[in-house]
Amino acid sequence: MDAIYRTEAVNRTGADGVSAVRDGLSVAVASPLGPDPDAAATNPEQLLALAWATCLNGTAQVIVNGARRTAVRVEAALHPAPAGVGYEFHVDAHLSVEGASAAEASEVLAAAHARCPVSKLLAGAATVRTHVEAYPPAD
């Protein structure tokens, strides 16, 4: 099957420097673990949270067919890996649906999480969780 969209990102500088999308966005990046992290730069944790929040909420909007406003808040945390080698992400997505009961919002979340491409990529990871929260979400 042919791709309906394709992009490519490149990083030649490691955790500190620049990551770029070919013929597009260029982002200053910095590790949050460095001795003096660059507050103006972004990091993989932020990019993962941004990607999942955008994808999951866009999918939730399709599910509710524009009838209600939705919002997604994603928390991404970096933890030492239990085996002692490297690190792992712990990621929580919080979906809220304007005017919906907790049960209705849970249905939207389940449908959006099953359909969102980023959710599919993260599926099965023990450190990935989804939650429903009241609308509007906390800042």
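To be clear, the structure that these remarks concern was listed above.
These numbers were taken from a predicted model, which means no experiment stands behind them.

S.K.: How should the overall build of the chain be read in this particular structure?
M.R.: Counting its secondary structure elements, the chain contains 3 helices and 6 strands. Going from the N terminus to the C terminus, the chain shows its helices and strands as β-β-β-α-β-β-α-α-β. If you line up the chain on its principal axes, its C-alpha atoms span 45 × 35 × 30 Å. A burial count over the chain gives 29% of its 139 residues as buried. By sequence separation, contacts in the chain at least 24 residues apart represent 47% of the contacts at least 6 residues apart. Element-wise, carbon and sulfur atoms account for 57% of the exposed surface of the chain, whose accessible area totals about 9,000 Å². The average position of the 9 basic charges and that of the 15 acidic charges among the side chains of the chain differ by 8 Å.

S.K.: I would appreciate a short explanation of the pattern of salt bridges in the present structure.
M.R.: Pairs can form between side chains of opposite charge whenever their charged atoms are close. For the coordinates displayed, the defined rule picks out 6 salt bridges. Notably, a salt bridge pairs Arg 22 with Glu 8, separated by 2.9 Å at the nearest N-O pair. Taken as a pair, Arg 22 in the loop between strand E2 (17-21) and strand E3 (26-29) and Glu 8 in the segment before strand E1 (9-11) lie far apart in primary sequence, 14 residues in all. Take Arg 22: its relative accessible area is 46%, and that puts it in the partly exposed class. Note on Glu 8: relative accessible area 42%, which makes it partly exposed. Beyond isolated ion pairs, a larger network of salt bridges with shared partners links Arg 73, Glu 75 and Glu 133.

S.K.: Looking at this model, I keep getting lost on the side chain of Asn 57. Mind explaining?
M.R.: Relative to the helices and strands, Asn 57 resides in helix H1 (residues 44-64). Only 2.6 Å separates the side chain of Asn 57 from the side chain of Thr 70, close enough to count as a polar contact. Residues contacting Asn 57, with those up to four places away along its chain left out, are Trp 52, Thr 70, Ala 71, Val 72 and Leu 95.

S.K.: How should I be thinking about the sheet that holds E1 in this particular structure?
M.R.: Paired through backbone hydrogen bonds, the strands of a sheet run either parallel or antiparallel to each other. Reading across the sheet, the 3 strands line up as E1-E2-E3 and stay open at both edges, with antiparallel pairing between neighbours. The two strands at the open ends of the sheet, each matched to only one other strand, are E1 and E3. Within this sheet the neighbouring strands show an average axis-to-axis angle of 20°, counted without direction. Of the strand pairs in this sheet, E2 and E3 are connected by 4 bridges, and their pairing is antiparallel. Looking at E3, one finds that Ser 19 is bridged to Val 27.

S.K.: When you look at the sheet that holds strand E6 (residues 128-132) in this model, what are you seeing that I'm missing?
M.R.: Pairing in this open sheet of 3 strands is mixed, and the strands run E4-E5-E6 from one edge to the other. Both edges of this open sheet fall to strand E4 (70-80) and E6, since each of them pairs with a single strand only. Averaged over all pairs of adjacent strands, the angle between strand axes in this sheet comes to 15°, irrespective of strand direction. Pairing geometry for strand E5 (residues 87-97) and E6, over 5 bridges, is parallel. Following the sheet pairing, His 94 is matched in E6 by His 131. Contacting E4, E5 and E6, H1 runs over the sheet at an angle of about 150° to E4. Lying on the sheet, helix H2 (residues 102-115) is in contact with E5 and E6; it crosses E6 at an angle near 145°.

What counts and how
- Residues numbered from 1 in each chain as written.
- Predicted model: local features only at pLDDT ≥ 70, side-chain atom pairs only at ≥ 80, totals over all residues.
- Heavy atoms only, no water.
- Helix = DSSP H or I, 4+ residues; strand = E, 2+ residues; numbered from the N terminus.
- Buried < 20%, exposed > 50% of the residue type's maximum accessible area, 1.4 Å probe, protein only.
- Contact = heavy atoms within 4.5 Å.
- Areas by Shrake-Rupley, 256 points an atom, 1.4 Å probe, with all protein chains shown as cover.
- Lys, Arg positive; Asp, Glu negative; His and termini not counted.
- Charge placed at Lys NZ, Arg CZ, Asp CG, Glu CD.
- Salt bridge = Lys/Arg side-chain N within 4 Å of Asp/Glu carboxyl O.
- Polar contact = N/O pair within 3.5 Å; in protein donor to acceptor, adjacent residues only side chain to side chain.
- Pairing = 2+ DSSP bridges.
- Axes fitted to C-alpha atoms, helices over the stretch in contact; angles between N-to-C directions.

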